[in-house]
Amino acid sequence: MAASIREKQTAALKRMLNFNTPPLKNTTAEPVWKVLIYDRFGQDIISPLLSVKELRDMGITLHLLLHSDRDPIPDVPAIYFVMPTEENIDRICQDLRNQLYESYYLNFISAISRSKLEDIASAALGANAVNQVTKVFDQYLNFITLEDDMFVLCNQNKEQISYHAINKPDIMDTDMEVIMDTIVDSLFCYFVTLGAVPIIRCPRGNAAEMVAVKLDKKLRENLRDARNSLFTGDTMGAGQFSFQRPLFVLADRNLDLATPLHHTWTYQALIHDVLDFHLNRVTLEESLGSETGARPKKKTKKSYDLTAADGFWQKHKGSPFPEVAESVQEELDKYRAQEDEVKRLKSIMGLEGEDEGAISMLSDNTAKLTSAVSSLPELLEKKRLIDLHTNVATAVLDHIKSRKLDVYFEYEEKLMSKSTLDKSLLDIISDPDAGTPEDKMRLFLIFYITAQQPPSEGDLEQYKKALTDAGCDLSPLNYIKQWKAFTKMAAAPASYGNSGVKPMGLFSRVMNTGSQFVMEGVKNLVLKQHNLPVTRILDNLMDMKSNPETDDYRYFDPKMLRGSESSIPRNKNPFQEAIVFVVGGGNYIEYQNLVDYTKAKQGKRVMYGCSELFSAAQFIKQLSQLGQK
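Keep in mind the model is a prediction, meaning the values are calculated, not measured. (Residues numbered from 1 in each chain as written. Predicted model: local features only at pLDDT ≥ 70, side-chain atom pairs only at ≥ 80, totals over all residues. Heavy atoms only, no water.)

## Some thoughts on the overall build of the protein chain
For the protein chain, the count of helices and strands is 22 helices and 17 strands. Classification of the 629 residues of the protein chain by burial places 52% in the buried group. Considering only residue pairs separated by 6 or more positions, the protein chain has 78% of its internal contacts joining residues 24 or more positions apart. (Helix = DSSP H or I, 4+ residues; strand = E, 2+ residues; numbered from the N terminus. Buried < 20%, exposed > 50% of the residue type's maximum accessible area, 1.4 Å probe, protein only. Contact = heavy atoms within 4.5 Å.)

## Some details on the environment of Arg403
Tracing the chain through its elements places Arg403 in helix α14 (residues 376–403). Judged by its relative accessible area of 11%, Arg403 falls in the buried class. Polar side-chain contacts of Arg403 include one of 2.8 Å to the side chain of Asp439. (Polar contact = N/O pair within 3.5 Å; in protein donor to acceptor, adjacent residues only side chain to side chain.)

## Some details on the pairing of strand β6 (residues 144–147)
One ladder, built from 3 bridges, connects β6 with strand β7 (residues 150–152); its direction is antiparallel. Bridge pairing in β7 places Glu147 opposite Met150. Hairpin remark: β6 followed by β7, antiparallel, with 2 residues in the connecting loop. (Pairing = 2+ DSSP bridges.)

## What about the packing of aromatic side chains?
As enumerated under the stated definition, the model contains 26 aromatic pairs in all. Considering the side-chain rings of Trp265 and Phe409, the 5.8 Å spacing of their centres and the 10 degrees angle between planes classify their relative orientation as stacked. A residue pair is termed long-range when its members are at least 10 positions apart, and Trp265 in the loop between β9 (247–252) and α9 (267–274) and Phe409 in helix α15 (residues 405–416) qualify at 144 residues. Among the residues examined, Phe409 registers a relative accessible area of 3% and is labelled buried. Across the ring face of Phe19, the terminal group of Lys34 is positioned such that the distance to the ring centre comes to 5.0 Å. Over the face of the ring belonging to Phe188 we find Lys218, whose NZ or CZ atom lies 5.1 Å from the ring centre. (Phe/Tyr/Trp six-rings, centres within 6.5 Å; stacked < 30°, edge-to-face > 60°. Lys NZ or Arg CZ within 6 Å of the ring centre and 35° of its normal.)

## Let's talk about the nonpolar core
Among the nonpolar cores identified, the biggest contains 78 residues, and Leu36, Phe81, Ile271, Leu275, Val282, Val392 and Leu538 are the most heavily contacted of them. At 7 residues, the largest contribution of residues to this core is made by α14. When neighbours within four sequence positions are excluded, Val392 is seen to be in contact with Tyr267, Ile271, Leu275, Val282, Leu284 and Tyr304. The next biggest cluster of nonpolar side chains, apart from the first, holds 39 residues, and it includes Phe188, Leu215, Phe248 and Ile579. (Core = buried A, V, L, I, M, F, W, Y, C linked by side-chain atoms within 4.5 Å.)

## Side note on the sheet that holds strand β8 (residues 199–202)
Here we have 7 strands laid out as an open sheet, ordered β6-β7-β17-β16-β9-β8-β15, and mixed in their pairing. Two strands lie at the open edges of the sheet, namely β6 and β15 (554–556), each paired on one side alone. Within this sheet the neighbouring strands show an average axis-to-axis angle of 20 degrees, counted without direction. Bridge count for β8 against β15 is 3 bridges, and the pairing is antiparallel. Paired with Arg201 across the strands is Tyr555, a residue of β15. (Axes fitted to C-alpha atoms, helices over the stretch in contact; angles between N-to-C directions.)

## Section: the pattern of salt bridges
All chains considered together, the criterion is met by 29 salt bridges. The salt bridge involving Lys53 is made with Asp57; its shortest N-O contact spans 3.0 Å. Of the two residues, Lys53 and Asp57 are both situated in helix α3 (residues 52–57); the distance of 4 residues between them amounts to about one turn of the helix. In the salt-bridge network here, residues are joined through shared partners; they are Asp273, Arg403, Asp439 and Arg442. (Salt bridge = Lys/Arg side-chain N within 4 Å of Asp/Glu carboxyl O.)

## A short note on helix α1 (residues 5–17)
With 13 residues, α1 ought to run about 18 Å at 1.5 Å a step, and its terminal C-alpha atoms sit 18 Å apart, in line with that. If you check which residues of α1 are buried, you get Ile5, Arg6, Lys8, Gln9, Thr10, Ala12, Leu13, Met16 and Leu17. In the stretch just after α1, Phe19 is the one whose phi turns positive, near 60 degrees. (Expected span 1.5 Å × (residues − 1).)

## Some words on the confidence of the model for the protein chain
Averaged over the protein chain, the pLDDT score is 84; the fraction of residues at 70 or greater is 83%. Low pLDDT, under 50, characterises residues 489–493; the stretch is placed with 0 contacts to residues that sit more than four places away or in other chains. Note that residues 503–514 has pLDDT below 50 and, in this model, 23 contacts with residues that lie over four places away or in other chains. (pLDDT = per-residue confidence, 0-100.)

## Some words on the sheet that holds strand β1 (residues 34–38)
Read across the open sheet, the 5 strands follow the order β2-β1-β3-β4-β5; overall the sheet is parallel. One side of each edge strand has no neighbouring strand; the edge strands of this open sheet are β2 (60–65) and β5 (133–138). The mean inter-strand angle of the sheet, taken between neighbouring strand axes irrespective of direction, is 20 degrees. Relative to β5, strand β4 (residues 101–108) runs parallel, the two sharing 5 bridges. The residue of β5 that forms the bridge with Phe108 is Asp138. Strands in contact with helix α4 (residues 86–97) are β3 (73–82), β4 and β5; relative to β4, the strand with the most contacts, it is inclined by about 165 degrees.

## Section: a negative patch on the surface
Residues Glu86, Glu87, Asp90 and Asp119 make up a contiguous surface patch of negative charge. Ranked by residues supplied to the negative patch, first place goes to α4 with 3 residues. Glu87 gets classed as exposed once you look at its relative accessible area, which sits at 55%. (Patch = residues over 30% accessible without salt bridge, like charges linked within 9 Å, V, L, I, M, F, W, Y side chains within 5 Å. Areas by Shrake-Rupley, 256 points an atom, 1.4 Å probe, with all protein chains shown as cover. Lys, Arg positive; Asp, Glu negative; His and termini not counted. Charge placed at Lys NZ, Arg CZ, Asp CG, Glu CD.)

## Looking at unusual backbone geometry
Unlike most non-glycine residues, Phe19 shows phi in positive territory, near 60 degrees. Assignment of secondary structure puts Phe19 in the loop between α1 and β1. Not every positive phi belongs to a glycine, and Tyr140 is a case in point at roughly 50 degrees. For Tyr140, a relative accessible area of 14% gives the class buried.

## Here we look at the packing of α4 against helix α5 (residues 114–126)
As a packed pair, α4 and α5 sit with axes 9 Å apart at the nearest point and diverge in direction by 15 degrees. Classed by the angle they form, the pair α4 and α5 counts as roughly parallel. Judged by the sense of rotation from one axis to the other, the crossing of α4 with α5 is right-handed. Within the contact between the two elements, α4 uses Glu86, Ile89, Cys93, Leu96 and Arg97 and α5 uses Lys116, Asp119, Ile120, Ala123 and Ala124. When the residues that make up the contact of α4 with α5 are grouped by side-chain class, the tally is 6 nonpolar, no polar and 4 charged. (Parallel < 35°, antiparallel > 145°, perpendicular 65-115°, else oblique. Left-handed = near helix turned anticlockwise from the far one by under 90°. Nonpolar A, V, L, I, M, F, W, Y, C, P; charged D, E, K, R; others polar.)

## A closer look at the environment of Val76
Looking at where Val76 falls in the secondary structure, it is placed in strand β3. The sequence separation of Val76 and Tyr104 amounts to 28 residues, and the corresponding C-alpha distance is 9.3 Å. Setting aside residues up to four positions removed in sequence, Val76 forms contacts with Trp33, Lys34, Val35, Tyr101, Glu102 and Ser103.

This is the structure we're talking about:
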């Protein structure tokens, strides 16, 4: 299996931290000690991929933000990893003038322009530091990898390329150009890092098409300049099948506005929906009980990293929540059994206080014990992960119970799959115990988006009154109304497959008394696999199926010399690798849907990318900004 984008980006960072030479695998030599200087963009790219310990192993003793007060460390080399912006360049020039470090390795996240390079050169001359600027590199790493098969474009300044920014009614063409160039720059970096030139497909007449045209042009220009092309030589062989190119599908968020508002039932998507989950780190508020009882509980914030190294997370992030709760409980029980075993063996042999040397000298009935003792660090790490997931899952469960999220999820699934409804929408909206105003608004918007016929004026007034009484802000609805009227002209509403959910009876195993999770009254819902619109489009294009939905998608092949679109000989074989990218923002529900889809297809790889990752709350906020009169 070829390296995933996460491995490739990590390898590129490690090469950079080793002064842009590949790190040697098995040397015992001490690494060169150095300082890493990054801006917020660089920080966001590095933090999901490398831990502080890994940085230290590579010789990074200090990592500092570029725009912080830094003391001179004259005998240490400094590696910079920053965007080539005006203010960053000014600050680098200032560092040169102040002679902060012994030598400077300047790495730009995205390509630096000629004129800015000249600014640095003249500052270096003026500061008499030309010899100290050892290397200047364009790294082409301007995107953030969150999973082996998932990336987002940026986290800083994401409002500049958000759904709101692209869909503003009064947007100027020049602003739109800037947004498109920003997106294309990141996608270009992505393909350079991936080491592959894709075949691009996109729908007509929206932002996705503008991105496709610009990306095609940028890849084409780079390929034509053979001497400086980034897609030649050693990097190209690294693709999974060098002869088989990936398919790159650009989708527009407007093709499906219901999914980002949908309540969800899988672990990772739930965490993103109800907790503060950001670049693979989840932040919880935990209350500390006070002894006196009179003082109120103090809340502390605690953050946990959910990483690739966490086996439980990798296995269960796509599982339905009830299954996760059950698995956490099982892990906990298993751990307790192992822990008791170690204690029991130690006490039988009267070795409570002994050191391990004495233990290992005993005869072989101790083989069991030594293995138990040597596995202690492993056990402790296991314990840390179990505690982490117990805390996170409990926090999620509190939200499910207090907001009746299982009810919302089930009802929305029925709306989206057009099945029969067991209770009226008005009942849920006017039930004061069911969810927050935002939950009600999300439900109503999904109803409105997925309805074949919009509700009559009279009904709409009734719904609006109920929503207002429940404390909802109606501005998102204004926007969705305009959007629906507009898309009605353009295309039929997206269909969401017949998903359906089967309630599986209440939790059996989790309900036993020893469990951490009190699941009373929460429905045990099991998902049936169904394809969301984005997954369906990918499926058509990847397997070359003919379908009215995707037949008029445009086709770009940047490797072909300028032929007109119709004359390009098209690839007729199904693709093995594909990347889906949603312009205007994405979410974990879609990502999870693609992962499940890929599991069923042997030998295929699919990656998901989006211009920003938003939770339903953030998306509603953008819709209400668009809908404000």
